[in-house]
Amino acid sequence: MTIPTTMQAVAITRPGGPEVLARQDWQTPPCGDDEVLIRVAAAGVNGPDLAQRRGHYDPPPGASPLPGLEVSGEIVVTGAAVSGWAIGDRVMALVNGGGYADYVAVAAGQVLPVPDGWTLTQAAALPETWFTVTQTLVMRAGLVPGMTVLVHGAAGGIGGAAIQIATILGARAIGVISSAAKADYARRLGAFATIDYTTEDVAARALELTDGRGVDRVLDIIGGDMAEKNITASARGGHIVQVSTLDGASANLSLRAIMAKQLTLSGSTLRPQTPATKAAIAARIRTDLLPALASPGFVKPTITTFDIDHAADAHRAMEARTHLGKIVLVTEYDVGH
Ligand SMILES: NC(=O)c1ccc[n+]([C@@H]2O[C@H](COP(=O)([O-])OP(=O)(O)OC[C@H]3O[C@@H](n4cnc5c(N)ncnc54)[C@H](OP(=O)(O)O)[C@@H]3O)[C@@H](O)[C@H]2O)c1
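Not measured: the values here are computed from a predicted model.

Trainee: Break down empty space enclosed by the protein for me, with residues and values.
Mentor: With the rule as written, the count across this model stands at two cavities of 30 Å³ or more. Surrounding the largest cavity, A125, T129, W130, G156, G157, G160, A161, Q164, Y185, P301, G325 and K326 form its lining. If one sorts the elements of the lining of the largest cavity by residue count, helix 4 (residues 157-168) sits on top with four residues. The class makeup of the residues in the lining of the largest cavity is five nonpolar, six polar and one charged. Its boundaries defined by the atoms lining it, the second largest cavity holds a volume of some 40 Å³. Taken together, M92, L112, L126, P127, W130, F131, I285 and L293 form the lining of the second largest cavity. Residue contributions to the lining of the second largest cavity peak at three residues, all from helix 3 (residues 127-140). Partitioning the lining of the second largest cavity into residue classes produces eight nonpolar, no polar and no charged.

Trainee: An account of the sheet that holds strand 8 (residues 148-151) is needed here, citing residue identities and associated values.
Mentor: Read from one edge to the other, the open sheet built from six strands follows the order 10-9-8-11-12-13, with strand pairing classed as parallel. Both outer strands of the open sheet, strand 10 (193-196) and strand 13 (264-267), are each paired with one neighbouring strand and no more. Each adjacent strand pair in this sheet contributes to an overall mean axis angle of 20 degrees, direction not counted. Direction of pairing for strand 8 relative to strand 11 (residues 215-220): parallel, over a ladder of three bridges. What sits directly across from L150, in strand 11, is V218. Against the sheet, helix 5 (residues 180-189) makes contact with strand 9 (172-177) and strand 10, and its axis sits at roughly 155 degrees relative to strand 10, the strand it touches most.

Trainee: Could you give me a rundown of the domain arrangement of the protein, with the residues and numbers involved?
Mentor: Each domain of the protein was delimited in the assignment, giving domain 1 (6-126 + 271-335) and domain 2 (130-267). Taken together, the contact pairs 26 residues of domain 1 with 19 residues of domain 2. In this assembly, domain 1 packs against domain 2 so that about 1900 Å² is buried in total across both faces, 68% of it on carbon and sulfur atoms. Considering only the surface of domain 1 that becomes buried against domain 2, I281, L289 and L324 emerge as the three largest contributors, covering 27% of it. Where domain 1 packs against domain 2, one counts six residue pairs in polar contact (both at pLDDT 80 or more). Counting residues per element, the ones that place at least two in the side of domain 1 that touches domain 2 are helix 9 (275-288) and helix 10 (290-293).

Trainee: Got a sec to walk through unusual backbone geometry? Specific residues and values, please.
Mentor: If you check the backbone angles, Q262 has positive phi at about 55 degrees while not being a glycine. Tracing the backbone shows Q262 in the loop between helix 8 (255-260) and strand 13. Backbone geometry at R321 places phi at a positive 60 degrees, although glycine is not the residue there. Relative to the elements of secondary structure, R321 occurs in the loop between helix 11 (311-320) and strand 15 (326-330).

Trainee: Describe the site of the ligand, with residues and values.
Mentor: Taken together, 25 residues are adjacent to the ligand, and S178, K182, Y197, S244 and R321 come closest. A distance of 3.4 Å separates an oxygen atom of the ligand from a polar atom in the backbone of G156. Between the ligand and the protein, one listed contact pairs an oxygen atom with a side-chain N or O atom of S178 at 2.4 Å. Protein coverage of the free-state accessible area of the ligand, which is 900 Å², stands at 91%. Going through the elements one at a time, helix 1 (47-54), helix 3 and helix 4 are the ones with two or more residues in the shell around the ligand. In terms of residue class, the shell around the ligand is built from ten nonpolar, eleven polar and four charged.

Trainee: Can you break down the pattern of salt bridges residue by residue, with the values?
Mentor: Scanning the model with the defined rule gives eleven salt bridges in all. Across the pair E208 and R205 runs a salt bridge, and its minimum N-O distance is 2.6 Å. Pair noted here: E208 and R205 are both in helix 6 (residues 202-209), with a separation of three residues, about one helical turn. Take E208: its relative accessible area is 53%, and that puts it in the exposed class. R205 gets classed as partly exposed once you look at its relative accessible area, which sits at 24%. Through salt bridges with shared partners, one network takes in R53, R54 and E319.

Trainee: Got a sec to walk through the nonpolar core? Specific residues and values, please.
Mentor: Among the nonpolar cores identified, the biggest contains 68 residues, and W130, F131, L143, L150 and I163 are the most heavily contacted of them. Sort the elements by how many residues they give to this core and helix 4 lands first, with six residues. Looking at which domains feed residues into this core, each of domain 1 (6-126 + 271-335) and domain 2 (130-267) gives three or more. With residues up to four places along the chain from it excluded, the contact list for W130 reads A161, Q164, I165, I168, I285, L289, L293 and F298. Of all hydrophobic cores here, the second largest spans 27 residues; its members include L21, A43, I308 and M318.

Trainee: Explain the side chain of Q135 residue by residue, including any values.
Mentor: Mapped onto the elements, Q135 comes out in helix 3. Exposure remark for Q135: the relative accessible area of 11% places this residue in the buried category.

Cut-offs used in this document
- Note on numbering: residues in each chain are counted from 1, in written sequence order.
- Per-residue local features are limited, in this predicted model, to residues with pLDDT of at least 70; the limit for side-chain atom pairs, both in listing and counting, is 80 or more; totals at the level of whole chains, interfaces and linings are taken over all residues.
- Computation of side-chain values covers all heavy atoms of the structure but excludes hydrogens and water.
- The definitions used throughout rest on a 1 Å grid laid over the protein atoms alone, on which a cavity is an enclosed set of points accommodating a 1.4 Å probe that cannot get out and a pocket is an open set flanked by protein within 12 Å on both sides along at least five of seven lines; lining residues are those having an atom within 4 Å of a point.
- Grid points are joined across faces, edges and corners, and a volume is the space filled by probe spheres set on the points.
- For the purposes of this entry, the term helix denotes a DSSP run of H or I that reaches at least four residues, the term strand denotes a run of E that reaches at least two, and both are numbered from the N terminus.
- Ten residues, namely Ala, Val, Leu, Ile, Met, Phe, Trp, Tyr, Cys and Pro, are considered nonpolar, four, namely Asp, Glu, Lys and Arg, are considered charged, and the remaining ones, Gly among them, are considered polar.
- By this definition, two strands are paired if DSSP reports at least two bridges between them.
- Working convention: axes come from line fits to C-alpha atoms, limited for helices to the stretch in contact. Angles between N-to-C directions cover 0 to 180 degrees.
- Contact definition: two residues touch when any of their heavy atoms are within 4.5 Å.
- Where a domain begins and ends is set by an automatic assignment or by a domain database.
- Buried area: the accessible surface (1.4 Å probe) lost by two parts on joining, summed over both.
- Any pair of N or O atoms that falls within 3.5 Å is considered a polar contact. Within protein, one atom must be able to donate a hydrogen and the other to accept it, and sequence-neighbouring residues count only if both atoms are side-chain atoms.
- By convention in this text, a residue qualifies as near a molecule or strand provided that one of its non-hydrogen atoms is within 4 Å of it.
- The method behind every accessible area is Shrake-Rupley, applied with a 1.4 Å probe, and residues are considered shielded solely by the protein chains displayed.
- By salt bridge we mean one thing: a side-chain nitrogen of Lys or Arg within 4 Å of a carboxyl oxygen of Asp or Glu.
- Classification of residues uses two cut-offs on accessible area relative to the type maximum, computed with a 1.4 Å probe and protein chains only: under 20% is buried, over 50% is exposed, and between them is partly exposed.
- Nonpolar cores were defined as sets of buried Ala, Val, Leu, Ile, Met, Phe, Trp, Tyr and Cys residues, with membership established by side-chain atoms within 4.5 Å.

This is the structure in structure tokens:
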């Protein structure tokens, strides 16, 4: 296959609303020795893309300035030092930016096979959220079978991944949602209970659902006033994982309660992690989660697709907060395969 020297990509022309996204001609990225070049079929849309577009989440040094942190597609070039991947392999990958494009180059360690039974569009919805949750909730917070996890944003990308990963690993998830439709979706993904934060006291209900013991782990993207509720809802020895602060980056916390309950509060952002860390997360997903993803009957996340020419509409849809699961941009290549 001849790789064109230029390609189409969606760029952020200046910080702002969805209208600042524009299709442009860009150089096709070179493929480094330890990288593969992927012809992008589909690219997932994630919260960090919106933050980057608004000018609040700059790419780390050396990363593509183009948005897009996850893709699926076909490998079209393999770097000289790459083993285990071949031209023509159908893959999904966590990329360091540049996913909203015809081609993206990525370290081979961040690539995973498309799970059996998944289309390229469906696979594009996995890497960013599954890497984030695997790193934070599983590898750092040590999720083990039998634990109960309180999952905020349960019907969104991160929350949905957290419910499914917890369920695969034998833990029990409680999903925090804002509507009956989102509650139904969270339960379909595996949550054993849901809490509607618009009508219920999240901490009191979490305690009730755990017979007063509290939850072992919390996956939080809300922050602000929710931080105190997470502490109240936690069991002794609990661990609260902070991966976003959608309702406020500052919080008033009872440090005494953190001490008394022997809690851990940790936070992380995925994009600036080293290639070695991302490869270690990929390896964990491959061994512990991929077999379940490929099993018959696994409930795939609900996906709303947009043609990549309409990336701005995809961002508007994400900001409307009405979607279930994930939003994915599809390219011409996806339509043809
Ligand atoms: N740390 C990391 O490495 C990392 C990685 C990926 C994503 N993130 C962050 O995680 C967050 C969630 O990403 P996502 O892809 O899961 O987004 P998403 O698909 O839009 O899901 C967010 C969910 O949270 C709920 N929510 C509650 N309060 C909200 C608020 N104030 N603003 C927006 N949504 C709110 C939404 O439903 P309701 O509004 O109906 O409640 C929605 O279901 C984003 O901020 C993203 O930047 C962090």
